Amino acid sequence: MSPLTDAMIINGAVLFATLESDLGPHRKIGLVRILRTPLVVAAVIPLFLDRPVTHGNGLLVELAGLAAGLLGGLVVTTLMRVYRSPKTGKPVSAAGLPYAMVWILVVGARAAFSVGATDWFPAQLAQWAAAHQVTGAAITDGLIFMALTMVLVRTAGLAARAARLPAPPARRGDLVRFST
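Report on the accompanying structure. Values in this document were obtained by computation on a predicted structure and should not be read as measured data.

Looking now at the overall build of the chain. Tallying secondary structure elements over the chain gives six helices and three strands in all. Reading the chain from its N terminus to its C terminus gives the helix and strand order α-β-α-α-β-β-α-α-α. In summary, the chain has a C-alpha radius of gyration of 21 Å against a globular reference of 16 Å for 180 residues, an excess of more than 25%. Here the C-alpha coordinates of the chain stretch approximately 85 × 30 × 25 Å along the principal axes. A total of 180 residues make up the chain; the buried ones form 40% of that total. Of all intrachain contacts in the chain linking residues separated by at least 6 positions in sequence, the fraction that spans at least 24 positions is 78%. As presented, the chain carries roughly 10500 Å² of accessible surface, and 70% of it is formed by carbon and sulfur atoms. Averaging the coordinates of the 16 positive side-chain charges in the chain and doing the same for the 8 negative ones gives two points 22 Å apart.

See below:
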């Protein structure tokens, strides 16, 4: 497969898994929900990730991908409402159009960059990379780190917010009466 095809597979997997898991007004938060998206990402990304660069400007590009993923993950986490279900008392979430639009915008930007690197501005990108001593693998890794970090921050934020919810109020049937 070409690097462009690889990038599109990663982008599609991340977008589909995240939106399928999160969109809706009343999504249960449980272990499967928490782990599903990171597991999809963990299954796909190792197929395409080169050895990360550990020095120089390539490392800076990869760290920039991590920082962008952190910022994106924090943004989408704030766009998801986490609350206790009035019916079950268990943690649930709600995410709508703004949440989906941020994911679509971020994944679309990554996809557009990937297409651009191949079809629109390959010579300019090659010149920039040579001038700054950055490999194409470091750029690809930076994009992958961005996707992975955004998913992990979203997942950690969802789990943390669900865990911090106040205990559900006692229901009438839950009270035990003692008589003397």
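On inspection of all chains with the given rule, the structure shows two aromatic pairs. Positioned above the aromatic ring of tyrosine 83, the side-chain terminus of arginine 81 is 3.9 Å from the ring centre.

Here we take up the sheet that holds strand S1 (residues 24-28). Consider a sheet: its strands pair through backbone hydrogen bonds, and that pairing is either parallel or antiparallel. Taking strand neighbours across the sheet as the criterion, the three strands line up as S1-S3-S2 in an open arrangement whose pairing is antiparallel. At either margin of the open sheet sits one strand with a lone partner, and together these are S1 and strand S2 (81-84). The average undirected angle you get between the axes of adjacent strands in this sheet is 30 degrees.

Moving on, we get to the nonpolar core. Ranked by size, the top nonpolar core spans 27 residues in total, and within it Val14, Tyr99 and Trp103 carry the most contacts. If you list the elements that add at least two residues to this core, you get helix H1 (3-22), helix H2 (31-44), helix H4 (97-120) and helix H6 (136-163). Counting residues per element, this core draws most heavily on H6, which supplies seven residues. The residues touching tryptophan 103, leaving out its near neighbours within four places in the chain, are Val14, Leu15, Thr18, Leu19, Val76, Met150, Val151 and Arg154. Formed by six residues, the second largest nonpolar core is a distinct cluster that contains Val53, Leu125, Val134 and Ile139.

Moving on, we come to helix H3 (residues 56-78). Over its 23 residues, H3 runs 34 Å from end to end, which matches the ideal 33 Å to within 8%, given 1.5 Å per residue. Regarding H3, the residues found buried are Gly58, Val61, Glu62, Gly65, Gly69, Gly72, Gly73, Val76 and Thr77. Against H4, helix H5 (122-131) and H6 lie the buried residues of H3.

Here we take up the pattern of salt bridges. Counted by the stated rule, this structure contains three salt bridges. Measuring nitrogen to oxygen at the nearest pair gives 3.7 Å for the salt bridge that ties glutamate 20 to arginine 36. Taken together, the positions of glutamate 20 in helix H1 and arginine 36 in helix H2 put the pair 16 residues apart, joining distant regions of the chain. Residue classification places glutamate 20 among the partly exposed residues on the basis of a relative accessible area of 34%. The class for arginine 36 is partly exposed, based on a relative accessible area of 30%.

Calculation notes
- Residues numbered from 1 in each chain as written.
- Predicted model: local features only at pLDDT ≥ 70, side-chain atom pairs only at ≥ 80, totals over all residues.
- Heavy atoms only, no water.
- Helix = DSSP H or I, 4+ residues; strand = E, 2+ residues; numbered from the N terminus.
- Rg over C-alpha atoms; globule rule 2.2 N^0.38 Å.
- Buried < 20%, exposed > 50% of the residue type's maximum accessible area, 1.4 Å probe, protein only.
- Contact = heavy atoms within 4.5 Å.
- Areas by Shrake-Rupley, 256 points an atom, 1.4 Å probe, with all protein chains shown as cover.
- Lys, Arg positive; Asp, Glu negative; His and termini not counted.
- Charge placed at Lys NZ, Arg CZ, Asp CG, Glu CD.
- Phe/Tyr/Trp six-rings, centres within 6.5 Å; stacked < 30°, edge-to-face > 60°.
- Lys NZ or Arg CZ within 6 Å of the ring centre and 35° of its normal.
- Pairing = 2+ DSSP bridges.
- Axes fitted to C-alpha atoms, helices over the stretch in contact; angles between N-to-C directions.
- Core = buried A, V, L, I, M, F, W, Y, C linked by side-chain atoms within 4.5 Å.
- Expected span 1.5 Å × (residues − 1).
- Salt bridge = Lys/Arg side-chain N within 4 Å of Asp/Glu carboxyl O.

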